[in-house]
Amino acid sequence: MTTMQLVFLLIGAITLLSAIMVVSSPRLVHAALWLILVLAGVAALFVLLEAGFLAVVQVAVYIGAIAILIIFAVMLTRRVMTDSGPQVNSNWWAAAVAALLLFGALLALFSQVSGLAATTSALTASPETIVDDLGQALVDVNRYVLPFEVASVLLLAAMIGAIVIARPSARSTDEGGEQ
Amino acid sequence: MIPLSWYLILAAALFCIGLYGVLARRSAVAILMGIELMLNAVNLNLVAFWRYLTPSLIAGQAFAVIVFAVAASETAVGLALIISIYRRRATAVADEINLMKW
Amino acid sequence: MQPELLTWLIPLPPVLAFALIVLFLNRSNRLSHTLAVGAMTLSWALAMVVFWRAITTADLGLHPIAASINWLPAGREALRFGVLIDPLSAVTLFFVAWTCLAIFVYSIGYHNFGKPRDPEDRPGLPPHAGGIEPMYARFFAFISLFAFGMLTLVVSDNLLLLFMGWEIMGLCSYLLIGFWYGKESAKKAMIKAFITTRVGDVFMLLGIAWLYSYTGSLNFREILYNPELLQSLHTPAFPELAARIPALYPMLSSVSVAGAIGLLLFMGTVGKSAQWPLHVWLPDAMEGPTPVSAMIHAATMVSAGVYLAARFFPLLTVGWHEGDPLTTAMKVVAFIGAFTALFAATIALTQNDIKRVLAYSTISQLGYMVAAVGIGAYAAAVFHLVTHAFFKALLFLGSGSVIHGMEAGVAASSTHAADAMPGQEGPAGVHKTHEHVDAQNMSNMGGLRRMMPVTFWTFLIGGLALSGFPLITAGFWSKDEILADAFGNGHLAVFLTLALAALLTAFYTMRQITLTFLGQPRTQAAEHAHESVWTMTVPLVVLAVFAVAAGWTGIPENFPGLGGLVPNWFQDFVVGALPEHPETLAFNPVPLLTSVVVALGGLFLGWLVYRRVRAGAEDPLKKPLGLLYTVWERKYGFDELYSWAFVRPAYWFAETFVYRWLDRGVIDGILHGVARIALRLGSALRNYFDVPVINGTADRVGQGIKRAGHEFRVLQSGRVQQYLIVGLVFAGILLSYILVVKP
């Protein structure tokens, strides 16, 4: 067992435990905080995978924006009695069974595919080169500029949509214009 | 050193936990959190494959970046929806938003 | 203009008048009668022209005025229709034209043209005295159609066209007898006339068919003027039948084909000319207006029967020559004629209705003509036909004038009666009478010679002609010829019968004249009678002239004194129609004396017995004749016999058997039965198949779907996570199938 493997196991354990806490925590704010931990763990894993840029992006976007957003949403949708009472619906056992089955199916799938025991080869490029290459790739006409642009449009649309949807409705006497 | 399969198993586990969260949680926000877990598992998968199989091709990372963007926008819109519904129906519990029930 | 073309045209004006009146003119009385009389005048004029040409043609019998066209193509040949004016049709045309024209003009006055319409009169009932006939135009339409029928019959050259004219006249007779259709008696009479003549017509049609099938033709010239053809018809008619029934052998073997056909055609004459046994319709036909009685039932239609018999004289007399014993067919004809003459004369003695007497008199005189044909006296029969038409029409028109005068008298006397008893006016004002006097009953008349002189003198002339008053009346000459022929050829039975009938004829004629015109008026109505208008009296005078003068055309050449002064034009002319001419008989004083004695004697006796009959008294003959009077008055019971034997069974058959049993019972029963079965079948199908099976299936399918939907409803929980789980499960199944089962 090398050091890396131990680190990996540790980070993995934290991530999975935090994930389990996310889905089983009765209080949503706690679940959100556990989510932050999960996201951090994933960022750490990115670092382990030598995708440093993505780790930073993970922290900045996911933790810094999305998790905060989720906490906002939790706050805004609080009701007095929401946080108590069961947090799972009536089909939770079917969900558990489905999840376990899926996990099992995936494991079976992995066992059938060869070449998954490979280890890494050394990265030929330096981290700066990778980031540079990533940036180039995203705007290169021959490569990924189209998904990049589409993603930006998507973000724009999402932004506008979110604003429109979440606009407070008590602007005029009649409630209309809610999309 | 760390075989690819370990990453994949981890991602699969994360995915399944997220799936459980989506299917089993009452609150809509909790469901969204489950979706975030699933997306993160996907990202992890992508980056792992990039690192282990095609480190010279930047496509894996580019794909992951796009997934980031999509996840963000989807979360934003979803939360906006939940807030809007909460305003209307005073509830964020998925089961209670059942106007489509026959 | 060729006489053939004129002959074609003769029947046409009246039928055009009929069509125009019926379609357009029946609202205007004046236009209708003008058109009718005008058309008849035109026909009369054409007839006179044709008649003149006919009598100025030498040997008309050999060269008749004839023309024909192909009417109905039948195989290689065609049925030809055409006109033929030979001596017989020439003289017939003459008297038909004159009498019809006279009667047309008479009808204007008879139906009170020019008088206002009485508001109480209804169409279908005879008008009250003095008002114009409500159905005036219709009358003229019908008599125009009738004139067309008669003229067609006279000018036709074949039996089929003759039959068509015959039937048209039958129809018009039916329509005109029932002209006043509101009267129940008229309705019965019209049907009786039609059906009775129909019986005769059926046999006539059989004769026509047999003739056509035997000879292949119906043309008069081809059959009757053709000695070879006639000879070929001289074969026995019923050889096998005669051989099979030995008892009837003598009778059946003596009938030749010609005789049999002649007898069948003669049955048509028996019907149409009201001979015994088909005589019952003519007295009842007096229900029609008097012009109808005059024209149809005295002068023309009934004469058509005798015309037919005369026309087929050559057929009846095949194998017979002057002086031979009569053939079987001729015997039958002579018997029926003579019997009818006497039979009808006895009944006429007892009748009180002025028209009935004349009706039976007509039957009797037609019997004379038929008997003459039967004994072979062709020229005499035709001569009597012509003279009889004139004086019988005269007598009927005279009786019509008398009836008119009597009705005027009835109206006038009731006014007086109403005036005399002021408090008893009826609601209808002056027309309510207290004495309901029958204007046609002779016992209500009397003394009319003073009130109606023209009618009296013309009626007297007609009556004397009917009786055969010697020398100055036409009836004498024609009747005398028949008697002379009968006696001269040795047919004594016929001679005696006819002589007795002549005696009775003179007697009842004088009875009629005495009761009507002589003596004193027996009722108020008779006192107040007055003469008729000129449109009625002028035709009377015209006919009276003919009644006197027509006889002088036929004075026999061997008549003592007068014979030879004027040639016997009539006989010479008429026998031209026959292929072989009979020779004239030698003069014999016996028949002449007999006819003079019976005529004068009958007239004197009639006057003697009836001259002092008072009002309300019974007939002077009633006591002396006793039972015989009753039998004659009841017309020998023939009407009752026929009613019992034929009419009631026919009614039973129609009413009970056919209507109730067959029509309502069987046919309707089947119909109702089918309907009931269909209904039950329908209900059964509905209740046992339609509702349970078809409806039930549809309903169950619907119910099933509803229940299935109800069950499947559970899936629609509205919970997204549940949907996701289900989707996941199915995806998993699919995946495992692809990965595990498939490879």
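Just so we're clear, the structure is a prediction, and the values are computed from it rather than from any experiment. (Residues numbered from 1 in each chain as written. Chains lettered and ligands numbered in written order. Predicted model: local features only at pLDDT ≥ 70, side-chain atom pairs only at ≥ 80, totals over all residues.)

Peer 1: Report on the overall build of chain C, specifying residues and quantitative values.
Peer 2: When helices and strands are counted, chain C shows 31 helices and two strands. Per-residue burial over chain C gives 50% buried out of 743 residues. (Helix = DSSP H or I, 4+ residues; strand = E, 2+ residues; numbered from the N terminus. Buried ≥ 20, exposed ≤ 12 C-beta atoms within 10 Å, placed from the backbone.)

Peer 1: Just give me the short version of the overall build of chain A, but keep the residues and values in it.
Peer 2: Helix and strand content of chain A: six helices and zero strands. If you list the helices and strands of chain A from N to C, you get α-α-α-α-α-α. Summarising the internal contacts of chain A: among those between residues at least 6 apart in sequence, 43% fall at separations of at least 24. (Contact = placed C-beta atoms within 7 Å.)

Peer 1: Tell me about the nonpolar core, and please be specific about residues and values.
Peer 2: Ala381(C), Val382(C), Phe390(C), Ala393(C), Leu498(C) and Ala547(C) are the most contacted members of the largest nonpolar core, which totals 232 residues. Looking at this core, the element that brings in the most residues is helix α19 (residues 378-420) of chain C, giving 21 residues. When sequence neighbours within four positions are dropped, the list of residues in contact with Ala547(C) reads Phe390(C), Phe391(C), Leu394(C), Ile461(C), Gly462(C), Ala465(C), Thr473(C) and Ala474(C). Within the second largest apolar cluster, 86 residues are counted, among which are Val23(A), Ala44(A), Leu45(A) and Ala13(B). (Core = buried A, V, L, I, M, F, W, Y, C linked by C-beta atoms within 7 Å.)

Peer 1: Quick rundown of the confidence of the model for chain C? Include the residues and the values.
Peer 2: Residue and element names in this part refer to chain C. For chain C, mean pLDDT is 86; residues scoring 70 or higher make up 97% of the total. Here residues 423-434 is modelled with pLDDT under 50, and outside its nearest four sequence neighbours on either side it reaches 16 contacts, counting other chains as well. Interface confidence for the predicted complex, given as ipTM, is 0.91, next to a pTM of 0.67. (pLDDT = per-residue confidence, 0-100.)

Peer 1: Explain the confidence of the model for chain A to me, and be specific about the residues and the numbers.
Peer 2: Residue and element names in this part refer to chain A. Taken over all residues, the pLDDT of chain A has a mean of 84, while the share at 70 or more is 88%. Of all secondary-structure elements in chain A, the lowest mean pLDDT belongs to helix α5 (residues 127-139), at 86, while helix α2 (residues 28-48) reaches the highest, 94. Below a pLDDT of 50 lies the segment residues 173-179, which in the model reaches five contacts outside its immediate sequence neighbourhood of four places, other chains included.

Peer 1: Explain the interface of chain A and chain C to me, using residue names and the numbers behind them.
Peer 2: On the chain C side, the residues contacting the seven residues of chain A number six residues. Split into classes, the residues belonging to the side of chain A that touches chain C amount to five nonpolar, two polar and no charged. (Nonpolar A, V, L, I, M, F, W, Y, C, P; charged D, E, K, R; others polar.)

Peer 1: Tell me what's going on with the interface of chain A and chain B, and back it up with residues and numbers.
Peer 2: Across the contact, 73 residues belong to chain A and 61 residues belong to chain B. Secondary structure elements with two or more residues in the side of chain A that touches chain B: α1 (3-24), α2, α3 (52-76), α4 (92-112), α5 and α6 (145-166) of chain A. Residue composition of the side of chain A that touches chain B, by class: 56 nonpolar, 14 polar and three charged.

Peer 1: Tell me what's going on with the packing of α1(A) against helix α1 (residues 4-24) of chain B, and back it up with residues and numbers.
Peer 2: At a minimum axis distance of 9 Å, the contact between α1(A) and α1(B) shows a crossing angle of 10°. If you check the angle between α1(A) and α1(B), you find them roughly parallel. For the pair α1(A) and α1(B), contact is made by Phe8(A), Gly12(A), Thr15(A), Leu16(A), Ala19(A), Ile20(A), Val22(A) and Val23(A) and by Trp6(B), Leu10(B), Ala13(B), Leu14(B), Ile17(B), Tyr20(B) and Gly21(B), respectively. Residue classes in the contact of α1(A) with α1(B) are distributed as 12 nonpolar, three polar and no charged. (Axes fitted to C-alpha atoms, helices over the stretch in contact; angles between N-to-C directions. Parallel < 35°, antiparallel > 145°, perpendicular 65-115°, else oblique.)

Peer 1: Could you give me a rundown of the environment of Met301(C), with the residues and numbers involved?
Peer 2: Residues and elements named next belong to chain C. Relative to the elements of secondary structure, Met301 occurs in helix α15 (residues 301-311). Residues Met301 and Ser173 lie 128 residues apart in sequence; the distance between their C-alpha atoms is 8.4 Å. Those residues in contact with Met301, other than ones at most four positions away along the chain, are Met150, Met169, Ser173, Lys272 and Ile296.

Peer 1: I'd like to hear about the packing of helix α4 (residues 87-110) of chain C against helix α25 (residues 534-549) of chain C, residue by residue, with values.
Peer 2: Residue and element names in this part refer to chain C. Contact geometry for α4 and α25: axes closest at 7 Å, N-to-C directions at 155°. Classified by the angle their axes make, α4 and α25 are roughly antiparallel. Here α4 and α25 pass one another in a crossing that is left-handed. Within the contact between the two elements, α4 uses Trp98, Ala102, Ile103, Val105, Tyr106, Ile108, Gly109 and Tyr110 and α25 uses Thr535, Met536, Pro539, Val542, Leu543 and Phe546. Residues of the contact of α4 with α25, tallied by class, amount to 12 nonpolar, two polar and no charged. (Left-handed = near helix turned anticlockwise from the far one by under 90°.)

Peer 1: So, unusual backbone geometry: which residues are in play, and what are the values?
Peer 2: Residue Pro277(C) is bonded to the preceding Trp276(C) through a cis peptide linkage, with omega at 0°. For Glu50(A), which is not glycine, the phi dihedral falls at a positive 60°. The residue Glu50(A) is located in the loop between α2 and α3 in this model. You can call Glu50(A) partly exposed: it has 17 C-beta atoms within 10 Å. Unlike most non-glycine residues, Tyr636(C) shows phi in positive territory, near 60°. Topologically, Tyr636(C) is positioned in the loop between α29 (627-633) and α30 (638-712). A residue is classified by how many C-beta atoms lie within 10 Å of it, and Tyr636(C), with 14 of them, is partly exposed.

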